[in-house]
Amino acid sequence: MRNVSAHVPFCVPFTNRREIEKVTDAIRSGWLTTGPRVALFEERIRRLVRARHAVALNSCTAALHLALAAAGVGAGDEVITSPYTFAATGEAILYLGARPVFADIVPETLNIDPAAVARAVTRRSKAIVPVHIAGLACDIPAILEVARQHGLKVIDDAAHALGSTVGDHPIGSLSDVTCFSFYATKNLTTGEGGMVTTDDGSVAERVRRLSLHGLSRDAWKRYTRSGRWRYDVVEMGYKYNMTDVAAALGLAQLEKFRTMQSLRRRIARRYTRLLSACDAFDLPIDSPEGVHAWHLYILRLRPGILRIGRDALIERLRERGIATSVHFQPLHLHSLYRRAFGFRKGSYPRTERESARAISLPLYPGLTQQAQDRVVGALLDQARRHRR
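**Let's talk about the overall build of the protein**
- Of regular secondary structure, the protein possesses 13 helices and 12 strands.
- The C-alpha radius of gyration of the protein comes to 21 Å, within 12% of the 21 Å expected for a compact globule of 388 residues.
- Its C-alpha atoms give the protein principal-axis dimensions of about 70 × 55 × 40 Å.
- Of all 388 residues assigned to the protein, the portion counted as buried reaches 55%.
- Across the protein, the fraction of contacts at a sequence separation of at least 24, relative to all contacts at a separation of at least 6, is 72%.
- Of the roughly 17600 Å² of accessible surface on the protein, a fraction of 51% belongs to carbon and sulfur atoms.
- Here the protein contributes 56 positive and 37 negative side-chain charges, whose respective centroids are spaced 4 Å apart.

Here it is, written out as structure tokens:
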């Protein structure tokens, strides 16, 4: 029987007494919903990514939805994005009655191909949503140039990319709008949470209004000492605001964000060093001209080397107490997209090929060298056992 204590989880949040103290302080303050801690969290994220405005929300999905709405995306419009992504990217487009139009990826990076984006533009195109897979920034300058030529908005799905840069420029300050995730597995967590950053004050104001039922600005302070009970419903909105309890957790995480990122980089580089001699795997590349956030470490099985497939390898690792995952199953091959848009296998061959051989390894700041050695040892052992 497997020793549970020897299990290597896929992800463990990097929390300690400081998070408990901050959350407890929020509860004791009596202010549980959106309040001063949310405002402080917004300000600190805004400064971190060098944006002029930041609006905290209850998920990155909400951030994508409202960013697209603020960009004027509506029924009948097309939004170009990557099929190599999580369900939320496509769903946020569908919420608005728009159509997701996929552009295939660059195999080496798993990120959307700017040339494929350019080919996907039609008269119905309204926005581009690049996805920074695993924390490696897309070729944003090239994507922005396509957008400029066609008058499109660029809304980054940066769920993986807090801490990523293009050169010296942080993701969060380059595109029209950027959407971050603070889900439990992310590089910085609020449990559940998201953020919109932008340099456009009117976009930030509309996202904030839409996040609380479309209420007028006065409604945000109606329970403060200076607030009033009267407010106006300006437009139809949603219930997407972040709570002070969640923001308190995020503020504690921000205090050690640099340390957490340094640990992630160290672990990722150690994986690369220990696995580089094995020709059975293609390893992820580091950012050549910026900073990789290393949210994920995605290796891929090299074709023709092993007698074992990706799915079977995942199962062998699971039997040895090592949790892995797959990021991502191609979005266009899920049942919803097949039914609604007629996608089929072969529609985006590079995405399909890379997804079918991808395995995400455990990567989190608290991963010990001993645990990492177990992961590497198991991979190398399977590569030896199943070599052709």
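**Comments concerning the nonpolar core**
- Formed by 39 residues in total, the largest nonpolar core has its most connected members in Phe41 and Phe182.
- Those elements that place two or more of their residues in this core are helix H2 (36-49), strand E1 (53-57), helix H5 (114-120), helix H6 (140-150), strand E5 (153-158), helix H8 (244-255) and helix H9 (257-275).
- Discounting residues that sit within four places of it in the chain, Phe41 has contacts with Phe182, Leu188, Thr190, Met195, Met242, Ala247, Gly250, Leu251 and Leu254.

**Some details on H2**
- Counted at 1.5 Å a residue, the expected span for H2 with its 14 residues is 20 Å, and the 20 Å between its end C-alpha atoms agrees.
- Buried within H2 we find Val38, Phe41, Glu42, Ile45 and Val49. The buried residues of H2 all sit within an arc of 100° when viewed along its axis, so they share a single face.
- Looking at the packing, one finds that the buried side of H2 touches E1, strand E7 (169-170), strand E8 (177-181), strand E9 (194-198), helix H7 (201-210) and H8.

**Describing unusual backbone geometry**
- Each neighbour pair has its own omega, and for His327 with Phe328 the value is 0°, a cis peptide bond.
- You can see Phe328 is positioned in the loop between helix H10 (310-319) and helix H11 (335-341).
- For Ala134, which is not a glycine, the phi torsion comes out positive at approximately 70°.
- Structurally, Ala134 can be placed in the loop between strand E4 (125-129) and H6.
- Despite not being glycine, His213 shows a phi value in the positive range, around 65°.
- You can see His213 is positioned in the loop between H7 and H8.
- For His213, a relative accessible area of 38% corresponds to the partly exposed category.

**What about the side chain of Ser164?**
- With respect to the helices and strands, the residue Ser164 is situated in the loop between E5 and strand E6 (165-166).
- Under the relative-accessibility criterion, Ser164 is labelled buried at 1%.
- Within the local environment of Ser164, its side chain forms a polar contact with the backbone oxygen of Gly135, the two atoms lying 2.6 Å apart.
- Contact partners of Ser164, with chain neighbours within four places excluded, come to Gly135, His169, Pro170, Ile171, Val291, His292 and Ala293.

**Focus on the sheet that holds E5**
- Strands sit in the order E1-E9-E8-E5-E4-E2-E3 across an open sheet of seven strands; the sheet is mixed. Edge positions in the open sheet fall to E1 and strand E3 (99-102), since each of these has one partner strand only. Within this sheet the neighbouring strands show an average axis-to-axis angle of 25°, counted without direction.
- When strand E2 (residues 78-81) meets E4, the two strands line up parallel, connected through four bridges. Bridging from a neighbouring strand, Val79 pairs with Ala127 of E4.

Cut-offs and rules
- Residues numbered from 1 in each chain as written.
- Predicted model: local features only at pLDDT ≥ 70, side-chain atom pairs only at ≥ 80, totals over all residues.
- Heavy atoms only, no water.
- Helix = DSSP H or I, 4+ residues; strand = E, 2+ residues; numbered from the N terminus.
- Rg over C-alpha atoms; globule rule 2.2 N^0.38 Å.
- Buried < 20%, exposed > 50% of the residue type's maximum accessible area, 1.4 Å probe, protein only.
- Contact = heavy atoms within 4.5 Å.
- Areas by Shrake-Rupley, 256 points an atom, 1.4 Å probe, with all protein chains shown as cover.
- Lys, Arg positive; Asp, Glu negative; His and termini not counted.
- Charge placed at Lys NZ, Arg CZ, Asp CG, Glu CD.
- Core = buried A, V, L, I, M, F, W, Y, C linked by side-chain atoms within 4.5 Å.
- Expected span 1.5 Å × (residues − 1).
- Arc of directions from axis to C-beta.
- Polar contact = N/O pair within 3.5 Å; in protein donor to acceptor, adjacent residues only side chain to side chain.
- Pairing = 2+ DSSP bridges.
- Axes fitted to C-alpha atoms, helices over the stretch in contact; angles between N-to-C directions.

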